[in-house]
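An overview of the molecular structure
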Amino acid sequence: MLGRTTEIWIAIAFVILAGLAVFGWVPADSETPPIYEFRRQVYIGDAMLPMVAAAGILICAIVHLALSFRRQVSDTTEAPFDTLTGAFFAALFAILVAAFTLMFWAGPLALEVFGPGGDEAVTYRQMRASFPWKYIGYVFGGFVLVFGLISLIEGRMSWRRAVLSLVAIGVLILIFDVPFDTLLLPPNGDF
């Protein structure tokens, strides 16, 4: 188990590195800002994803730093890796695999089963930017990811966590899909 001093120094290092990335490196290294307008259309720029990721790391590091200062030093000594830890990481890996598999294949399978019929076959590539097909994989995979991770970390499942997971997916859709006409939610850009 890491001592609180080590955790504090790691958190400080991540605050500094993430702050440098958000305010210096990403803006200086990107051709376009996070969000820009071109010919009356709003686009996501090259800086959006690295800026969001670095800002997320910065926020988590600040929260961890604040919590590390508040916690008492624990005297318990446990094995750094035991059976319970192994089971946790196996469950984490299973959730990630299930979520990404659902995210990638739920949309094409739903189109195959419930898609429009007719003489000409419609491919998922043709329908990936239209409602509801563009949301199916994102919602199902995202739900399994968010709900699975919350349930794993808290050690139990509940309806409130399921609703919270759906709300989180809905908020992400409102932030990243609704304002931008040219953005494809994951994994639709891969098809």
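This section reports on the structure supplied with the text. In every chain, residue numbers begin from 1 and rise along the written sequence. The model is predicted, so local features are restricted to residues of pLDDT at least 70 and side-chain atom pairs to those at 80 or more, both for listing and for counting; the totals for chains, interfaces and linings are taken over all residues. Water and hydrogen atoms were dropped before computing side-chain values, which therefore reflect all heavy atoms in the structure.

1. Re unusual backbone geometry
Positive phi, close to 50°, is recorded for R39, a residue that is not glycine. Residues other than glycine seldom take positive phi values, yet R40 does so here, at roughly 60°. Secondary structure elements are defined from DSSP: runs of H or I of at least 4 residues count as helices, runs of E of at least 2 residues count as strands, and each element is numbered from the N terminus. Inspection of the secondary structure assignment puts R40 in the loop between β1 (35–38) and β2 (41–44).

2. Brief notes about the packing of helix α3 (residues 83–114) against helix α5 (residues 133–154)
Axis angles are defined between N-to-C directions and span 0 to 180 degrees, where every axis is a line fitted to C-alpha atoms and, for a helix, only to the segment in contact. Viewed as axis vectors pointing N to C, α3 and α5 meet at an angle of 160°, and their least axial separation amounts to 8 Å. Judged by the angle between their axes, α3 and α5 are roughly antiparallel. At the point where α3 passes α5, the crossing takes the right-handed sense. An angle below 35 degrees is treated as roughly parallel, one above 145 as roughly antiparallel, one from 65 to 115 as roughly perpendicular, and anything else as oblique. We call a crossing left-handed when the near helix sits turned anticlockwise from the far one by less than a right angle, and right-handed when that turn is clockwise.

3. Side note on the pattern of salt bridges
Counted as salt bridges are all cases of a side-chain nitrogen of Lys or Arg within 4 Å of a carboxyl oxygen of Asp or Glu. In the structure shown here, the tally under the stated rule is two salt bridges. We note a salt bridge from E154 to R161, for which the minimum N-O separation is 2.7 Å.

4. Let's talk about α5
Working rule for helices: expected span equals 1.5 Å times residues minus one. Between its first and last C-alpha, α5 extends 32 Å over 22 residues, near the 32 Å set by a 1.5 Å rise per residue. Buried residues belonging to α5 abut α3, α4 (124–127) and α6 (159–176). Positioned one or two residues after α5, G155 has a phi angle of 85°, which is positive. Should any heavy atoms of two residues lie within 4.5 Å, those residues are counted as being in contact.

5. Focus: α6
Here α6 contains 18 residues, and its C-alpha end-to-end distance of 26 Å stays within 8% of the 26 Å for a straight helix at 1.5 Å per residue. Burial classes: relative accessible area under 20% of the type maximum marks a residue as buried, over 50% as exposed, and values in between as partly exposed (1.4 Å probe, protein chains only). For α6, the complete set of buried residues consists of R161, A162, S165, I169 and I173. An end-on view of α6 places all buried positions within 125° of arc, on one side of the element. For α6, exposure combined with an orientation more than 90 degrees from the buried face picks out W159, R160 and L174. Note that the arc is defined by the directions from the helix axis to the C-beta atoms.

6. With respect to the nonpolar core
Here, nonpolar core refers to any group of buried Ala, Val, Leu, Ile, Met, Phe, Trp, Tyr and Cys residues whose side-chain atoms link them within 4.5 Å. Counting residues in hydrophobic clusters, the biggest one holds seven residues: A106, A110, L111, Y124, M127, W133 and I136. Only α3, α4 and α5 provide two or more residues apiece to this core. Element by element, the count of residues in this core is highest for α3, at three residues. Other than its neighbours up to four places away in sequence, L111 contacts P116, V122, T123, Y124, M127 and W133.

Coordinates in, geometry out; function isn't part of it.
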